[in-house]
Amino acid sequence: MMATVRELLDVLIRVVSGGPVALARVIDVTGSGPRSIGTAMLVSSSGEVIGSISAGCVESAIVESARGVLVDGQAVVERFGVADPEGLAVGLTCGGEIEVFVERVTARRLPDLLALQRDIAAGRSVALVTGLDAAPRWQLVYPAGDPPDGIPGDTWNSVRCGRSGTVGADEDQAAFPPRAFVHSFGPPARMILAGANDFVRALSRLGGQLGYRVTVVDARETFTTPARFPAAQEVIVDWPHRYLRAERAAGRLDARTVVVILTHDAKFDVPALAEALDIEYLAFVGALGSRRTHDDRLTRLLEMGVAPDRLRRLRSPVGLDLNARTPDETAVSIAAQIIADTAGGSARPLAEGSGPIHR
């Protein structure tokens, strides 16, 4: 059974209460790896194996490592690449590479495990940061608020964005060794769409396909109904700027949150943009409209006191130049820009570049 730490957490808490457990986690995947980052496997002190890392390719080698870790307590990083079809070495048949971190977990980890269990059950975003050395340290880090003391900048950036993966600590930081694994847990990233029109309906469908939890918000009760936006998880009747303010105060926005204003009406979109641009940690803020509408918005936002440096964060007119005409085409254009901005892409045609396609 292939599983993630989230799925194995209850079992891990139960088993570790009775004795040490070896926890193996995929911490990095290159190419066509068999499983995603965070896939996990447990090996108990009695020899029971729970979960799977690679559907059988490297399981036996990881079990052997786990047994050694249970004996001497020294965590290890195992790397598996392409198997040699003519040899006997353990490897992957899929052409990819994975790194697996294997560590001994004892009852002294129970406070962290129980806190992680509570946070996940409550829907709170949290990351378990693990130092990748022989005697790993754990720390639960929360993306809300300021970074805790001793957390390096690259680690904090991963926590804020809800990314899981390995990071390298800054040289002047001693909280973790040169490498650490950030294992993020929490609800899906949010996409908040202001407006109740065909463009919002099209983008809500695409946002859901991209894994976002989509919220549609508009103050016009007649148009803002779940029946008109079946792909959205939430359909809210409220003024968009008031809704954003309340969500911010409640701590339900984070550095993964995307806000797109598609109301096409100054009395809605200008206050909403002013509110969104005041939330400096949002991943993306965009607004639909012509260049004339954009210029008018900028003037109004400046008159409201929005600072020029905040205005530079605004993606308007939102979307990439696809010569899009229909709501569905426009949604693709906007979604493409969101992906490029949040993932660090250039949005250039791949044929014009060189080197690896995936970075």
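How each quantity is defined
- Residues numbered from 1 in each chain as written.
- Predicted model: local features only at pLDDT ≥ 70, side-chain atom pairs only at ≥ 80, totals over all residues.
- Heavy atoms only, no water.
- Helix = DSSP H or I, 4+ residues; strand = E, 2+ residues; numbered from the N terminus.
- Buried < 20%, exposed > 50% of the residue type's maximum accessible area, 1.4 Å probe, protein only.
- Pairing = 2+ DSSP bridges.
- Contact = heavy atoms within 4.5 Å.
- 1 Å grid on protein atoms, 1.4 Å probe; cavity = no way out; pocket = protein on both sides within 12 Å on 5 of 7 lines; lining within 4 Å.
- Points joined across faces, edges and corners; volume = space filled by probe spheres on them.
- Nonpolar A, V, L, I, M, F, W, Y, C, P; charged D, E, K, R; others polar.
- Phe/Tyr/Trp six-rings, centres within 6.5 Å; stacked < 30°, edge-to-face > 60°.
- Core = buried A, V, L, I, M, F, W, Y, C linked by side-chain atoms within 4.5 Å.
- Axes fitted to C-alpha atoms, helices over the stretch in contact; angles between N-to-C directions.
- Parallel < 35°, antiparallel > 145°, perpendicular 65-115°, else oblique.
- Left-handed = near helix turned anticlockwise from the far one by under 90°.

Under an unreviewed UniProt entry, the name given to the protein chain is Xanthine dehydrogenase accessory factor, and the organism recorded is Nocardia pseudobrasiliensis.

Draft legend 1. The arrangement of unusual backbone geometry in detail. Following Ser-316, the chain continues to Pro-317 via a peptide bond in cis, the omega torsion being -10 degrees. In this model, His-264 sits at a positive phi of 60 degrees, which is unusual for a non-glycine residue. Tracing the backbone through its elements, the reader meets His-264 in the loop between β14 (258–261) and α7 (266–277). Since its relative accessible area comes to 53%, His-264 is described here as exposed. Despite not being glycine, Asn-323 shows a phi value in the positive range, around 55 degrees. With respect to the element layout, Asn-323 can be found in the loop between β16 (314–315) and α10 (327–343). For Asn-323, a relative accessible area of 55% corresponds to the exposed category.

Draft legend 2. Main features of the pairing of strand β10 (residues 179–185). Of all 7 residues in β10, 6 are buried; the element is thus mostly enclosed. Relative to β10, strand β7 (residues 126–131) is paired through 6 bridges, and the arrangement is antiparallel. Within β10, the residue paired with Val-129 across the bridge is Val-182. One ladder, built from 4 bridges, connects strand β9 (residues 165–168) with β10; its direction is antiparallel. Within the sheet, the bridge partner assigned to Val-167 lies in β10 and is Ala-180.

Draft legend 3. Up close: the environment of Thr-30. Secondary-structure assignment places Thr-30 in strand β2 (residues 21–30). Residues Thr-30 and Gly-81 lie 51 residues apart in sequence; the distance between their C-alpha atoms is 9.1 Å. Residues within four places of Thr-30 in sequence aside, it is in contact with Gly-96 and Glu-97.

Draft legend 4. View of empty space enclosed by the protein. Going through the model one piece at a time under the given rule, you end up with 1 cavity of 30 Å³ or more. One number sums up the size of the largest cavity: a volume of about 40 Å³. Lining the largest cavity we find Val-5, Leu-9, Leu-12, Leu-23, Arg-25, Leu-113, Leu-116, Leu-128 and Trp-138. Sorting the residues of the lining of the largest cavity by element identifies α1 (5–16), β2 and α3 (110–122) as the ones contributing at least two each. Element by element, the count of residues in the lining of the largest cavity is highest for α1, at 3 residues. Residue classes in the lining of the largest cavity are distributed as 8 nonpolar, no polar and 1 charged.

Draft legend 5. Structural view of the packing of aromatic side chains. Evaluated as defined, the whole model comprises 1 aromatic pair. Measuring from centroid to centroid gives 4.7 Å for Trp-239 and Phe-268, while their planes differ by 25 degrees, and the two rings are stacked. One end of the pair, Trp-239, is in the loop between β13 (234–237) and α6 (240–249); the other, Phe-268, is in helix α7, and 29 residues separate them in sequence. Accessibility expressed as a relative area gives 30% for Trp-239, which makes it partly exposed.

Draft legend 6. Structural view of the nonpolar core. Residues Met-191, Leu-193, Leu-203, Val-260, Leu-262, Ile-334 and Ile-338 are the most contacted members of the largest nonpolar core, which totals 24 residues. Residue assignment for this core shows that the elements contributing at least two residues are β11 (190–194), α5 (198–209), β12 (213–218), β14 and α10. Setting aside residues up to four positions removed in sequence, Leu-262 forms contacts with Leu-193, Ala-194, Asn-197, Phe-199, Val-200, Leu-203, Leu-288 and Ile-334. Grouped together as the second largest cluster of nonpolar side chains are 23 residues, Val-15, Leu-42, Leu-113 and Val-126 included.

Draft legend 7. Here's a closer look at the packing of α6 against α7. Where α6 meets α7, the closest approach of the two axes is 7 Å, and the angle between their N-to-C directions is 20 degrees. Here α6 is positioned roughly parallel relative to α7, judged by the angle of their axes. α7 is crossed by α6, and the crossing has right-handed handedness. In this structure, α6 uses Pro-240, His-241, Leu-244, Arg-245 and Arg-248 to contact α7, whose residues at the interface are Phe-268, Pro-271, Ala-272, Glu-275 and Ala-276. Along the lines of polarity and charge, the residues of the contact of α6 with α7 split into 6 nonpolar, 1 polar and 3 charged.

Draft legend 8. Seen up close, the packing of α5 against α10. Viewed as axis vectors pointing N to C, α5 and α10 meet at an angle of 55 degrees, and their least axial separation amounts to 8 Å. For the element pair α5 / α10, the angle class is oblique. At the point where α5 passes α10, the crossing takes the right-handed sense. Between α5 and α10, the residues in contact are Asp-198, Phe-199, Ala-202, Leu-203, Arg-205 and Leu-206 and Pro-327, Asp-328, Thr-330, Ala-331, Val-332, Ile-334 and Ala-335, respectively. Among the residues making up the contact of α5 with α10, the classes are represented as 9 nonpolar, 1 polar and 3 charged.

Draft legend 9. Representation of the sheet that holds β14. An order of β13-β12-β11-β14-β15-β16 is seen for the 6 strands of this open sheet, with the pairing classed as parallel. Both outer strands of the open sheet, β13 and β16, are each paired with one neighbouring strand and no more. Summarising the sheet, β14 and strand β15 (residues 284–287) pair through 4 bridges and their orientation is parallel. Note that in β15 the partner of Ile-261 across the bridge is Ala-287.

Draft legend 10. View of the environment of Thr-293. For Thr-293, the location among the structural elements is in helix α8 (residues 291–303). C-alpha of Thr-293 to C-alpha of Ser-316: the two residues are 23 residues apart in sequence and 9.3 Å apart in space.

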